[in-house]
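Now for the letters of each chain:
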Amino acid sequence: MKKFFTLLLTVFLISLVGGKYTPDWKSLDARPLPGWFDDAKIGIFLHWGVFSVPGFGSEWFWSYWAGKSKDYVNFMNKNFKPGFSYPEFGPQFTAEFYEPEKWADIFEASGAKYVVLTSKHHEGYTLWPSKVSWNWNSKDIGSKRDLLGDLAKAIRNKTELHFGVYHSMFEWFHPLYLLDKKNGYKTQYFVDSKALPELFELVKIYEPEVIWSDGDWEAPDTYWKSKEFLAWLYNESPVKDVIVVNDRWGANIPCHHGGYYTCSDRYNPKTLQAHKWENAMTLDKGSWGFRRNVDLSGFFDTRRTRHDAC
C-alpha cells in the first residue's frame, strides 16, 4: 500500500510541475526521437569489462563458468589456480593500452555518428566510480581510472560524435537481485538501491545522448520502475531534449515500447518498418566483446557488421 501511494504521489508531482510526459507507455511513446538520431545512420557499440581479461568464449564468461559449461571449466582448470574466483580478474583489468583520444580519432574517421560504451554489463562491474558499486568499479579496482568518463571527454573534446552508454539493468549474482527474483519480483530492493541509482548517476554526471538498456528480460517493467525513470529522463533530466533510448525496459517491452526498437540481438527485419529501429550488430559471430580464441571463420563479413539505425 505504501508503494502504491508513493507511485500516486510521483504521478501527481509530475502533473503538478507541468511535465510533458507521464509515466505510462502511451505518453512516453508519444515523445518524438531527437533529430540528431534520425541523421545518424551508423554507430559503434563497445563491449568492454572484466570479461575482457580472460578474453575467452564471450562476455557471458562468468555466467557460463558458474553454470559449469564444459569449455569454460576446462579453460579455467587449465590456466588458473584451484579456487580462483571471477572477481580476481578485477585487479587484472588494468586497461594499460587504453588511449581514449586515439579511440575518438578512429571512431570519427570511421564515419560513425555515435558511440555507445558498456557502462556496466551483467557482471555488475561499472566502468565509472559508481557510489553504489563499491570496490567493483574501474576506479576502485583494476585501471584505477574513470574509463567511461575519459572516453566521454575525449569524444566531446575531439569530435562531433554523440556519446552514449549501455547499461545492464540486472546482475547475475547480486544478492539483492537474487532476493527480488526469489520473491517473484514483488520486492524491489535491487532496483531501489542499485539499478536506478546507477542510471541517475550516469545521466547526471555524464549526460549521455543514448541509453542502451539491457538485462531487463527476467522481470516486468513495473519491477524496474522503467516508466517512472523515463518520465524523469524526458521531463527533468539534463539531457531531456537530446536523449535517445532503446526498447529494453522490461519483459515484453522490446519491439513494443520505448524510443527506437532493437527487438532482439542482431535485429534486421529486412523490410520497411513503421517505427525507428536499430540493428545492433557484432563483428564476432559468438561474442559482443573481445575473445582470444576466435579464428577468422568466427567473424561476419563486411556486409553484416554495421551498427545501423534506420
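Worth saying up front: this structure is predicted, and the values here are computed from it rather than measured.

Q: Explain the pairing of strand β3 (residues 162-168) to me, please; I cannot follow it from the model alone.
A: Look at any regular strand and the pattern is simple: side chains alternate between the two faces of the sheet. Of all seven residues in β3, seven are buried; the element is thus mostly enclosed. By the alternation rule, side chains of β3 split into His-162, Gly-164, Tyr-166 and Ser-168 and Phe-163, Val-165 and His-167, which are all buried. Two elements, strand β2 (residues 114-120) and β3, share six bridges in a ladder whose sense is parallel. Following the sheet pairing, Tyr-114 is matched in β3 by His-162. At this point the chain moves from β2, through helix α7 (residues 147-158), to the parallel β3, and the crossover so formed is right-handed. Relative to strand β4 (residues 210-214), β3 runs parallel, the two sharing five bridges. The residue of β4 that forms the bridge with Ser-168 is Asp-214.

Q: Looking at this structure, I do not really get the confidence of the model for the chain. What am I missing?
A: Caution applies to low-pLDDT regions: their predicted coordinates should not be interpreted in detail. Overall, the prediction assigns the chain a mean pLDDT of 89, with 88% of residues at 70 or greater. Low pLDDT (under 50) marks residues 4-17, which in the prediction has seven contacts with non-local residues, meaning those over four places away or in another chain. Confidence over residues 305-310 falls short of pLDDT 50; this stretch has 31 contacts with residues more than four positions distant or in other chains.

Q: I would appreciate a short explanation of the side chain of Asn-246 in the present structure.
A: When you line up the elements, Asn-246 lands in the loop between β5 (244-245) and β6 (278-279). Taking relative accessible area as the criterion, Asn-246 reaches 0% and is therefore assigned buried. Among the polar contacts made by the side chain of Asn-246, one reaches the main-chain carbonyl oxygen of Ser-213 at a distance of 2.9 Å. Those residues in contact with Asn-246 that lie beyond four places of it in its chain are Ile-211, Trp-212, Ser-213, Gly-258, Gly-259, Tyr-260 and Thr-262.

Q: How should the packing of aromatic side chains be read in this particular structure?
A: Any pair of aromatic rings gets described here by the distance separating the centres and the angle formed by the planes. With the rule as written, the count across this model stands at 47 aromatic pairs. A ring pair is formed by Trp-60 and Trp-172, whose centres lie 5.3 Å apart and whose planes are at 65 degrees; its orientation type is edge-to-face. Linking Trp-60 in the loop between β1 (42-46) and α4 (61-66) with Trp-172 in the loop between β3 and α8 (175-182), this pair joins segments that are 112 residues apart in sequence. On the basis of relative accessible area, Trp-60 is assigned to the partly exposed category, the value being 23%. Note on Trp-172: relative accessible area 9%, which makes it buried.

Q: Any chance you could explain the pattern of salt bridges here in plain terms?
A: Side chains that differ in charge, positive against negative, can pair when their charged atoms come close. According to the stated counting rule, one finds 14 salt bridges in the structure shown. Two residues, Glu-218 and Lys-181, come together in a salt bridge whose shortest N-O distance is 3.4 Å. With a gap of 37 residues between them, Glu-218 in the loop between β4 and α10 (221-224) and Lys-181 in helix α8 connect regions that are remote in the sequence. By relative accessible area, Lys-181 is classed as partly exposed at 39%. A salt bridge links Lys-227 to Asp-221, with the nearest nitrogen and oxygen atoms 2.7 Å apart. Residues joined by salt bridges that share partners form a network here, namely Lys-120, Glu-171, Lys-194 and Glu-198.

Q: Can you walk me through the environment of His-162 in this structure?
A: With respect to the helices, strands and loops of the structure, His-162 is situated in strand β3. The sequence separation of His-162 and Ala-40 amounts to 122 residues, and the corresponding C-alpha distance is 9.0 Å. Aside from chain neighbours lying at most four places away, what touches His-162 is Trp-36, Lys-113, Tyr-114, Val-115 and Glu-209. Within the structure, His-162 has its side chain in polar contact with the side chain of Glu-209 (distance 2.8 Å).

Thresholds applied
- Residues numbered from 1 in each chain as written.
- Predicted model: local features only at pLDDT ≥ 70, side-chain atom pairs only at ≥ 80, totals over all residues.
- Heavy atoms only, no water.
- Buried < 20%, exposed > 50% of the residue type's maximum accessible area, 1.4 Å probe, protein only.
- Helix = DSSP H or I, 4+ residues; strand = E, 2+ residues; numbered from the N terminus.
- Pairing = 2+ DSSP bridges.
- Right-handed = clockwise from strand over helix to strand, strands pointing away.
- pLDDT = per-residue confidence, 0-100.
- Contact = heavy atoms within 4.5 Å.
- Polar contact = N/O pair within 3.5 Å; in protein donor to acceptor, adjacent residues only side chain to side chain.
- Phe/Tyr/Trp six-rings, centres within 6.5 Å; stacked < 30°, edge-to-face > 60°.
- Salt bridge = Lys/Arg side-chain N within 4 Å of Asp/Glu carboxyl O.

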